[in-house]
Amino acid sequence: MKNRGWLFVIPALAVLAISAFIPLMTVINYSLHYIFAGSTPTFVGFENYVEVLRDSVFLQALVRQLVFSLGILAVEVPLGICIALCLPKRGPGVAVCLVLLGIPLLIPFNVVGIIARVLTQSAVGVIPEFFALFNYSFNVSKDPVDAFMTIFLLDVWHWTPLVALLCYAGLQAIPDAYYQAARIDGASAWKTFRYVTLPKLRSVLIIGVLLRFMDSFKIYAEPLLLTGGGPGDATTFLSLHVARKAESYQLGYAGASSFIYLFIVIVFSYIFFQLMTHIGKGETK
Amino acid sequence: MARIELEGISHTYNPPSVPEAQREYAVSNMDISWPDGSANALLGPSGCGKTTILNIISGLLQPTAGRVLVDGKDVTPLAPRERKIAQVFQFPVVYDSMNVFDNLAFPLRNQKVPEREIGKKVRETAEILGLEDLLKARITSLNAADKQKISLGRSIIREDTAAVLLDEPLTVIDPKFKGGLRRKLREVQNRLKKTMIYVTHDQHEALTFADDVTIIQDGHLIQQGTPHELHSQPASPFIGYFIGSPGMNLLDCTLQDKDNTLQFSDFHLPVSQELKNKLGSAGTSLKLGIRPEVIDVATREQDGAVAFTVSVIEYTGAYRVLTCDRESSRIKARVSESISVTEGDRVWVSFPEEKVNLFFNEKRII
């Protein structure tokens, strides 16, 4: 062996194997077997997959998950752009705004879930008391819509700052000359945004959308802490459903649904990436 | 197209809270007039206030004092759009999400011009710029020079454009395309006769593009004239040195009364009575400026010539630049290939009196 450079790659490969490859292979291995509560695994081929895809509870969780994640994107991305556009460009206000925006990002998932629980606790929380003023009985443990919207708004509060910070960095990188040119060309404020700002934000928005999509698809701690996925199945997202199956020792089912889960995330992320990379590149016309 | 005038323009970036005496002016009290349809250049070293002037003309910056006139009409309070002054920036500014056609059409669409007319105007403009074949191309597939042409195209497509400002438009262009784009800019100006103002620190670009060059130094206008005037009659030693390659030779001297000579540090030159009369009294400290290309260099001793030693020979292709030294004087001379000299040779240098510039107190008197 003349080139021993590959030796240096081994530690990285080992870490990668332990952290990603081995668990993934384990999951695939589980998904092809019937395993229940420590019994001897029996090879069943793709039966687990068929079962998962026929399971109405799984499919409902998937639809709920997609509604949630797409809804999150539809709110957080435009809102994040708006916040970034409103932030001061320079001066002492910049640091203050960035710190304030950064605070939600520093709070761990489980703490966010607990905060939500305290705020929405009936008879104690601020939110039910507030809605009581309008004669609306707000109750996350009884009303599915209340619970879903609480998780939804919680995520918007928690993660819109990330999109805003990404966009803010993207905006700072746009040279002034583009805005000057648009002014000279007589572009309206909307056209300036549409043809200067938005195209220049493309790359940060791709990152923002992918991150938010993948992260929101993995939402777990908040619904678990708020209502444990309830009331009923109202906040049982895919991750909760898979975890429940694993907790009840249905490892074959859990493995198959995990793998389908991963596949869906990859497919959607790929679609978003392709769409956002190629959309509006001036090929038409 | 229009005549552009600046009247007593001054600008400071200091906030109004800074007392008048402490303000630093980027541009002070500048009067310039550019006739309708002319090709002009603003030339000056980096940081001399060129870009400030440009932004004041285009309306992106409000001057601290003074007025901007377009065809005699005061446009100082107007927004960039209303002044109808277009600008081409240092690096190509194009709309990435549109193709070439849509980029060129953008200013017209903003004016709500009918779509049929837009198509006609865009094709006309593309033909002038040599972009006919690229109309459907994606912007991201073009090189910087073509993008810069589109940027220029957007500024000339509107018929009501009063003037086009070019802010160092060749700086980021690949050397391979620079020459072609420079000729294109000149050609477009010639063809459309639009008033254009080309801002640059590169004398070569300014002198090849413009019929009228304005030289700025430290926020002050120093000289405005044709490239030939600037070259042969620079208003100050700075311009003499700044314009031309290599720059003008500048030598300190004093006028001697008794035998009609200019005394240099280690030699003297006779002056005619006629010239002496223009120079004033004896003992005046002057600066003599002479272009390297008008200096006569001979390899044999000549009447009135001064002996120098060739210390460096630079080959630049068609001619050579000799650096010639005496005890404490140094001059550069541009000579043709026909003179055979080598480094270390002794040469006799003479200064043709009719081609000499003399400066007193940093101002040209002859």
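Reading guide: rules and limits
- Residues numbered from 1 in each chain as written.
- Chains lettered and ligands numbered in written order.
- Predicted model: local features only at pLDDT ≥ 70, side-chain atom pairs only at ≥ 80, totals over all residues.
- Contact = placed C-beta atoms within 7 Å.
- Helix = DSSP H or I, 4+ residues; strand = E, 2+ residues; numbered from the N terminus.
- Nonpolar A, V, L, I, M, F, W, Y, C, P; charged D, E, K, R; others polar.
- Pairing = 2+ DSSP bridges.
- Domains from an automatic or database assignment.
- Axes fitted to C-alpha atoms, helices over the stretch in contact; angles between N-to-C directions.
- Parallel < 35°, antiparallel > 145°, perpendicular 65-115°, else oblique.
- Left-handed = near helix turned anticlockwise from the far one by under 90°.
- Buried ≥ 20, exposed ≤ 12 C-beta atoms within 10 Å, placed from the backbone.
- Right-handed = clockwise from strand over helix to strand, strands pointing away.

Section: the interface of chain A and chain B
Contacts between the two partners involve 18 residues from chain A and, on the opposite side, 23 residues from chain B. Within the residue set of the side of chain A that touches chain B, elements represented by two or more residues are helix H8 (176-184) and helix H9 (189-217) of chain A. Looking at the side of chain A that touches chain B residue by residue, the classes come out as 8 nonpolar, 4 polar and 6 charged.

Things to note about the sheet that holds strand S12 (residues 261-263) of chain B
Residues and elements named next belong to chain B. Strand order across the open sheet formed by 6 strands is S13-S12-S11-S14-S20-S21, with antiparallel pairing between neighbours. Where the open sheet ends on each side, the last strands, each with one partner, are strand S13 (268-270) and strand S21 (363-364). Bridge count for strand S20 (residues 357-360) against S21 is 2 bridges, and the pairing is antiparallel. Note that in S21 the partner of Phe-360 across the bridge is Lys-363.

Some words on the domain arrangement of chain B
Parsing chain B into structural domains produces domain 1 (4-232) and domain 2 (249-364). Inter-centroid distance (C-alpha atoms) of domain 1 of chain B to domain 2 of chain B is 40 Å.

Topic: the packing of helix H3 (residues 100-110) of chain B against helix H5 (residues 144-156) of chain B
Residue and element names in this part refer to chain B. Close contact between H3 and H5 brings their axes to 7 Å; oriented N to C, the two are set at 30°. As summarised for this structure, H3 and H5 are arranged roughly parallel, according to the angle between their axes. You can see that H3 and H5 cross each other, and the crossing is right-handed. For the pair H3 and H5, the contacting residues are Val-100, Asn-103, Leu-104, Phe-106 and Pro-107 in the first and Ile-150, Gly-153 and Arg-154 in the second. For the contact of H3 with H5, a count of residues per class yields 5 nonpolar, 2 polar and 1 charged.

Topic: the pairing of strand S8 (residues 196-200) of chain B
Residues and elements named next belong to chain B. Of all 5 residues in S8, 5 are buried; the element is thus mostly enclosed. The alternating pattern of S8 places Met-196, Tyr-198 and Thr-200 on one face and Ile-197 and Val-199 on the opposite face, and all of these are buried. In this structure, strand S3 (residues 39-43) lies alongside S8, joined through 5 bridges in parallel fashion. Looking across to S8, one finds that Asn-40 is bridged to Ile-197. As paired elements, strand S7 (residues 163-167) and S8 share 4 bridges and run parallel to each other. Residue Asp-167 lies in a different strand from S8, and its bridge partner there is Val-199. Handedness of the crossover joining S7 and S8 through helix H6 (residues 175-192): right-handed.

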